[in-house]
Amino acid sequence: AFGWYIFLLVMGYVNPNGSGSCGISPYNPPHCYGMEDGSVMEGVFPDIPCGRGSVSRFIEALGLILIIIPPIVMMTCLAMIYRCVRITEQKMSKYGARSILKNETSTASLGIL
C-alpha cells in the first residue's frame, strides 16, 4: 500500500482534496473553473496544470487488482499448506501409539494417550 501511494504521488495523482489533507483526487481549485484539463493559468500556479490527477481507467483497474490479488494468493497458499499437512498426518497415523491402540481389541487404557 505504501509503495502504491508513492507511485501515485510521483505520477501526480495525489492532490489536496479541500479538507486539509491529500488524497487521490483531481486538482480543480476555484481558479480552474471553466478551463480545460491540462491548461495552466499564468501567474497563479504556473507549474500545476488544472485537472491534474484525473484517474484513468488503467490506474483504477491496477489499484483494484492490487487489492484483490493478495487475498487470493494467501488463501491459495494456506489451502496448499493445509492439504500437505493433512496428507502427511494421514501417512504418519499408521505409526506410533495410536496405531498400536487401533489394533488393540481390549478396552483397557494403557495411559499412553
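Residues numbered from 1 in each chain as written. Predicted model: local features only at pLDDT ≥ 70, side-chain atom pairs only at ≥ 80, totals over all residues. Heavy atoms only, no water.

## Brief notes about the overall build of the protein
Thought 1: A count of helices and strands for the protein gives three helices and two strands.
Thought 2: Order of helices (α) and strands (β) in the protein, N terminus to C terminus: α-β-β-α-α.
Thought 3: Looking at the protein as a whole, 14% of its 113 residues qualify as buried.
Thought 4: Considering only contacts in the protein between residues 6 or more positions apart, those separated by 24 or more positions represent 32%. (Helix = DSSP H or I, 4+ residues; strand = E, 2+ residues; numbered from the N terminus. Buried < 20%, exposed > 50% of the residue type's maximum accessible area, 1.4 Å probe, protein only. Contact = heavy atoms within 4.5 Å.)

## Brief notes about the packing of helix 1 (residues 2-11) against helix 2 (residues 57-92)
A pair of packed helices can be characterised by two numbers: the angle between their axes and the separation between those axes.
Thought 1: Where helix 1 contacts helix 2, the two axes come as close as 12 Å, and the packing angle between them is 170°. As far as their axial angle goes, helix 2 and helix 1 are roughly antiparallel. For the pair helix 1 and helix 2, the contacting residues are Trp-4, Phe-7 and Leu-8 in the first and Ile-59, Leu-62, Gly-63 and Leu-66 in the second.
Thought 2: By residue class, the composition of the contact of helix 1 with helix 2 is six nonpolar, one polar and no charged. (Axes fitted to C-alpha atoms, helices over the stretch in contact; angles between N-to-C directions. Parallel < 35°, antiparallel > 145°, perpendicular 65-115°, else oblique. Nonpolar A, V, L, I, M, F, W, Y, C, P; charged D, E, K, R; others polar.)

## Examining the confidence of the model for the protein
Thought 1: Model confidence for the protein is summarised by a mean pLDDT of 76, while 74% of its residues fall at 70 or above.
Thought 2: By mean pLDDT, helix 3 (residues 97-103) is the weakest element of the protein at 62, and helix 2 is the strongest at 89. (pLDDT = per-residue confidence, 0-100.)

## Some remarks on the environment of Glu-36
Thought 1: Within the secondary structure layout, Glu-36 lies in the loop between strand 2 (22-24) and helix 2.
Thought 2: Spatially, the C-alpha atom of Glu-36 lies 9.4 Å from that of Pro-49, the residues being 13 residues apart in sequence.

## What about a nonpolar patch on the surface?
Thought 1: Taken together, the side chains of Phe-2, Ile-6, Phe-7, Leu-9, Val-10 and Met-11 define a hydrophobic patch exposed on the protein surface, amounting to about 630 Å² of accessible area.
Thought 2: Relative to the helices and strands, Phe-7 resides in helix 1.
Thought 3: Residue Phe-7 is classed as partly exposed on the basis of its relative accessible area, which comes to 33%. (Patch = residues over 30% accessible without salt bridge, like charges linked within 9 Å, V, L, I, M, F, W, Y side chains within 5 Å. Areas by Shrake-Rupley, 256 points an atom, 1.4 Å probe, with all protein chains shown as cover. Salt bridge = Lys/Arg side-chain N within 4 Å of Asp/Glu carboxyl O.)

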